[in-house]
Amino acid sequence: MGSQLEDLKTAIRQALPDLDVVIAWAAGPDGLAHTPLFITSESDVDLVQWDPRCSQNLAGYLPGLRGKKVGIVAKGCDARSITELLQEKLIDREQLTVFGLHCQGALDPEKIAAMADCGRYVRSAEINGGELKIVSSKGACAISLENGLLAKCFRCTGADAQPCDQFIGEHGAPPVLKDAPATTLDRLEAMSMEERFQFWEEQMGQCIRCYACRSACPLCVCQDHCAAQSREPHWVDQTDHPREKLMFQAMHALHTAGRCTECGECERACPVGLPIMTMKQALNRQIKALFDYEAGLDSEKTPPLFQFRENEEHIKERKW
Amino acid sequence: MNIGVFVCHCGSNIAGTVDTVAVAKAALAYPEVVFATDTMYACSEPGQAGIIEAVQKYELDGVVVASCTPRMHEATFRRTVERAGLNRYMFEMANIREHVSWIGKDKDANTNKAAELVHIAVEKLRRNTELTAGEFTINKRVMVIGGGVAGIQAALDCADGGLEVVLVEREPSIGGKMSKLDKTFPTVDCSSCILGPRMVDIAQNPNITLYTLSEVESVDGFVGNFDVKVRRKAAYVDWTLCTGCGECAAKCPSKKTPDRFNEFIGKTTAINIPFPQAIPKKASINAAACLMLTKGKCGACVKACPAGAIQFKQEDEIVTEQVGAVIVATGYDLFDFTQYGEYGGGRYPDVITSMQYERLLSASGPTEGHIKRPSDGKEPKDIVFIQCVGSRDKSIGRPYCSGFCCMYTAKQTILTKDHLPESQSYVFYMDIRSPGKGYDEFIRRAMEEYGARYIRGRVSAIQPKNGRYLIKGVNTLMGDQVEIEADLVVLAVGAEAAKGAPQLAEKLRISYDTYGFYMEGHPKLKPVETNTAGIYLAGSCQGPKDIPSSVAQGGAAASKVLGLFSKDKLASDPQVSSVSLQRCIGCAKCQSVCPFGAIEMTQFRGMTKASVIATVCQGCGNCTSACPQGAIQLSHFTDNQILAEVHALCPY
């Protein structure tokens, strides 16, 4: 992995003169997760990090940088967001340079913190072999990387970034993982309608409407024009009630239906840990069943809800 | 805002199961409602006068009428409020008839629901704004799709009215189904003798441009300004040079080509003129049968053609025609009887369709008007006609009556007797449907003067027997089994929607029923209009029709077009989308879902923004659903108006 990091730095150094900015990862404050790094000068390149702690999807910064020549480092799943943004013409391919990587899984810092029982502030953390060695006020411990992976890694659709301009390292298959943890969606589907409603009422009761989920979402490109904060049209009011919060989450889910690549940024950003990606997963299942489509996998396809067709292949309205 | 509410009784239609007085009383409690009353017939002259009077007396700013569906009377009441001095869009309708009184019997529940629907209308009206229609110019040309008798009539009437007409026909000649018929009921006059002159009129009328062997490829635009792309399929003959002499067909060696015009009874050549009266009288090549086009060698027609018109390299050509209205007269097709096992499923050569029989009867047909069995060319003696083949049969999804089969079967028995005086016709029928002028008398004549034996009952099997056929059936009047030996069986196949009718409907954006027949605007009051402005229907594409009805509809559709074109400008509907520049982020999602191409992306101070072409927008609202941040709004159906309705219905 060390040489892959060096190769990545070399590639960024070489490309940097022709680019306005390169987005990569650098060491974060707590050692459990790396943070975004915006490289504008060659000295920044030394800060670049690449290991399973590069969990954050950096594609969300791209629409805001439209008009600039941008380089971006991407894992396989991050590239799905890039594909989706390109499909929707929200970014320009010719302005973009993708440094693609082969990913062996990314860590979930919250999960690791819970497993190590150390909180998010650790004294030191380093990856050695297949383990993350952590030293915190509670002492030292080692967590197997496989146990600390993000839930999405168990559903990996491709570890190699695609689209890609410069691929760093070797191409390869996704890591072979067993025992995928049960998702919230699986649990919800076993519940009755009343139980589901109660579940969401409880969850939404905790939402503080900070809109971090929206700001982190790489596909929420309306941002300051979000319908949730508009009076004209006035979809959501300011009442502090699960009803309005659920309304906002429902809007977010519907607006990303058939677009969401399940990158998990909404849940990663949520300060109260709500399982809000579940709604998007549920809609994606419907999209898959109705249109046989998964977002961000094929840049040639048009997302099904962004086209008008007289007839849908998989929806049998008429027999002829 | 002062709102007035009028709750209509519609005689007993609404008042029978809705307490209209209570609904009016409940309405008074809704915000800004200053006047509410019940009224016997809101749409009647005194009903409308009452609305105008109330607007003036109570200084109303908007009116809610709770009555029938807006499709029935929204236009009526909009004119009413306009006469009262209000903007026509300061009006809302609550449908308490189709949505309430006609569908429920519980008066309390109905009254409650009616009051809630009025509440919704009031909340919507409170957020309505005055809208004004614009004007746009129209192109006074008309396209007629389909050159059967209905399309011919429509084209001639439009052309006589001074309009430029483009007539598009899929086959190489116009004439449609009627040109294949020998005689027509109930007068037994020669079909091509009465149709032929009309076809010649089409060819000679300077106002008519005729495209045969052509199909509509796409339709863009809107009433008054359609752009229609027409695919002119390759005939492999330069029609500007072809004189219709027929030398090419005489020399063509590919003489075993299936003959479409003759319903595949008999054979024709790969290059041919479909029938002597064809308009245009031009040869065309059947590419699948032509030796030159399939195997690359032959060229006999090139040598034969004195005009040098053969062009094997000819390709399809797309022409764009700009028209202001379209008349659809695409006709029907015949039911494929082979799915009925009891009639042999197409295995017996002497079990033929009624249209094939017409070609046998016709002097210009493959047997030159002599009735001969397809199998051995012998004259038949006993002929069995079976009616309702593919009509009135739920089991094959054709529950409807095709309407004309009873009549043409009777005609065919009469013609049979004329051709073969020694013959005997038998007709198996379910019921006789002969409601036209002179029609029942005609059936009686077939039975009484021409001796056709009518047997009320269905046929269960047709079996070959010693070179003839044994027809087993039931006589339901006598209550016993019948077995008849016959030489020829003629199946009165029913009508079904023309092949490709639904696909054409999608291009034209008109609706069609379960069977593929096009939907008229109103089954009684708008028989030739569609719900798409500027598109009209004529003939059997709307449902099976005989010749007199098709001709009448062709004329009716032409008169609608002439009426539409009597104005130089049309009013544009102000219920269209518009973009809020501040909110638009230029993501173009609205553009990708617009079925009408009404949205273009423009540059505004260096930023990409969506922009609606108001005259192209049809107000469908797809864009407003696709826009994530609500930047694009449909006038009269804004998010806030709809949300207000939802909140009225689902208070919390």
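Residues numbered from 1 in each chain as written. Chains lettered and ligands numbered in written order. Predicted model: local features only at pLDDT ≥ 70, side-chain atom pairs only at ≥ 80, totals over all residues. Heavy atoms only, no water.

(A) Spotlight on the overall build of chain A. Check the secondary structure of chain A and you find 9 helices and 8 strands. On C-alpha atoms alone, chain A measures out to a radius of gyration of 20 Å, which is about the 20 Å that the 2.2 N^0.38 rule sets for 320 residues. Seen through its principal axes, chain A has C-alpha atoms that stretch 55 × 50 × 40 Å. Counting over 320 residues, chain A shows a buried share of 49%. Contacts in chain A between residues far apart in sequence, at least 24 positions, make up 65% of those at least 6 positions apart. Each charge class in chain A was averaged separately, 35 positive and 46 negative side chains, and the resulting centres sit 2 Å apart. (Helix = DSSP H or I, 4+ residues; strand = E, 2+ residues; numbered from the N terminus. Rg over C-alpha atoms; globule rule 2.2 N^0.38 Å. Buried < 20%, exposed > 50% of the residue type's maximum accessible area, 1.4 Å probe, protein only. Contact = heavy atoms within 4.5 Å. Lys, Arg positive; Asp, Glu negative; His and termini not counted. Charge placed at Lys NZ, Arg CZ, Asp CG, Glu CD.)

(B) A look at the interface of chain A and chain B. At the interface, 26 residues of chain A touch 21 residues of chain B. Carbon and sulfur atoms make up 59% of the surface buried where chain A meets chain B, a total of about 2,100 Å² over both sides. Linking chain A with chain B are 1 salt bridge, by the criterion used here. Of the charged contacts, one joins Glu88(A) and Lys589(B) as a salt bridge, the two residues approaching to 2.7 Å between their closest N and O atoms. (Buried area = accessible area lost by both parts, 1.4 Å probe. Salt bridge = Lys/Arg side-chain N within 4 Å of Asp/Glu carboxyl O.)

(C) Looking closely at the packing of aromatic side chains. This model, assessed by the stated rule, comprises 19 aromatic pairs over all chains. On the numbers, 5.8 Å between centres and 40° between planes, the contact of Phe77(B) with Phe91(B) is tilted. Residue Phe77(B) is found in helix 4 (residues 70–83), and its partner Phe91(B) is found in strand 4 (residues 91–95); the two are separated by 14 residues along the sequence. Residue classification places Phe77(B) among the buried residues on the basis of a relative accessible area of 1%. Take Phe91(B): its relative accessible area is 1%, and that puts it in the buried class. Clustering of aromatic rings is evident, with ring pairs tying together Phe6(B), Phe35(B) and Tyr58(B). Residue placement shows Arg214(A) over the ring face of Tyr211(A); its charged tip is 4.5 Å from the ring centre. Seen from the ring of Phe637(B), Lys124(B) lies directly overhead, with NZ or CZ sitting 5.1 Å from the centre. (Phe/Tyr/Trp six-rings, centres within 6.5 Å; stacked < 30°, edge-to-face > 60°. Lys NZ or Arg CZ within 6 Å of the ring centre and 35° of its normal.)

(D) Highlighting the pairing of strand 27 (residues 488–493) of chain B. All names here are of chain B. With 6 of its 6 residues buried, strand 27 lies for the most part within the structure. Neither face of strand 27 is left uncovered, since the one carrying Leu-488, Val-490 and Ala-492 and the one carrying Val-489, Leu-491 and Val-493 both have all their residues buried. Pairing of strand 20 (residues 351–353) with strand 27, which is carried by 3 bridges, proceeds in the parallel orientation. By the bridge assignment, Thr-353 is partnered in strand 27 with Leu-491. Two strands pair when backbone bridges link them, and strand 21 (residues 382–389) and strand 27 are joined in this way by 5 bridges, in the parallel orientation. Paired with Val-389 across the bridge in strand 27 is Val-493. (Pairing = 2+ DSSP bridges.)

(E) Structural view of the domain arrangement of chain A. Residue and element names in this part refer to chain A. By domain assignment, chain A separates into domain 1 (1–107 + 158–178) and domain 2 (182–320). Averaged C-alpha coordinates put domain 1 and domain 2 at centres separated by 26 Å. Listed as interface residues are 14 residues of domain 1 and, on the opposing side, 20 residues of domain 2. If you sort the residues of domain 1 by the area they bury against domain 2, Arg-80, Glu-84 and Gln-87 come out on top, with a joint share of 44%. Summed over the shared surface of domain 1 and domain 2, the number is 1 salt bridge. Across the domain 1-domain 2 interface, the total number found is 8 residue pairs in polar contact (both at pLDDT 80 or more). Counted by class, the side of domain 1 that touches domain 2 contains 4 nonpolar, 7 polar and 3 charged residues. (Domains from an automatic or database assignment. Polar contact = N/O pair within 3.5 Å; in protein donor to acceptor, adjacent residues only side chain to side chain. Nonpolar A, V, L, I, M, F, W, Y, C, P; charged D, E, K, R; others polar.)

(F) The nonpolar core, seen in detail. All names here are of chain B. Core analysis: the largest hydrophobic core is formed by 75 residues, its most contacted members being Val-142, Ile-271, Ile-327 and Val-561. The element best represented in this core is helix 7 (residues 149–160), accounting for 8 residues. In contact with Ile-271, other than residues within four places in its own chain, are Val-237, Cys-248, Ala-249, Cys-252, Ala-283, Ser-284, Ile-285, Cys-301 and Ile-310. Counting residues in hydrophobic clusters, the runner-up holds 56 residues, among them Phe-337, Leu-360, Leu-420 and Phe-442. (Core = buried A, V, L, I, M, F, W, Y, C linked by side-chain atoms within 4.5 Å.)

(G) Helix 14 (residues 439–448) of chain B, seen in detail. Residue and element names in this part refer to chain B. Residues Tyr-439, Phe-442, Ile-443 and Ala-446 constitute the buried set of helix 14. For helix 14, the arc enclosing every buried residue in end-on projection is 100°, short of the 170-degree limit, so these residues lie on one face. Facing away from the buried side of helix 14, by more than 90 degrees, are the exposed residues Glu-441 and Glu-448. Buried-residue contacts for helix 14 involve helix 13 (405–419) and helix 16 (547–564). (Arc of directions from axis to C-beta.)

(H) Spatial organisation of empty space enclosed by the protein. Residue and element names in this part refer to chain A. Per the counting criterion, the structure on display carries 10 cavities of 30 Å³ or more. Space inside the largest cavity adds up to approximately 140 Å³. Ranked by the residues each element gives to the lining of the largest cavity, the list is headed by helix 7 (residues 242–255), at 4 residues. Split into classes, the residues belonging to the lining of the largest cavity amount to 9 nonpolar, 4 polar and 2 charged. (1 Å grid on protein atoms, 1.4 Å probe; cavity = no way out; pocket = protein on both sides within 12 Å on 5 of 7 lines; lining within 4 Å. Points joined across faces, edges and corners; volume = space filled by probe spheres on them.)

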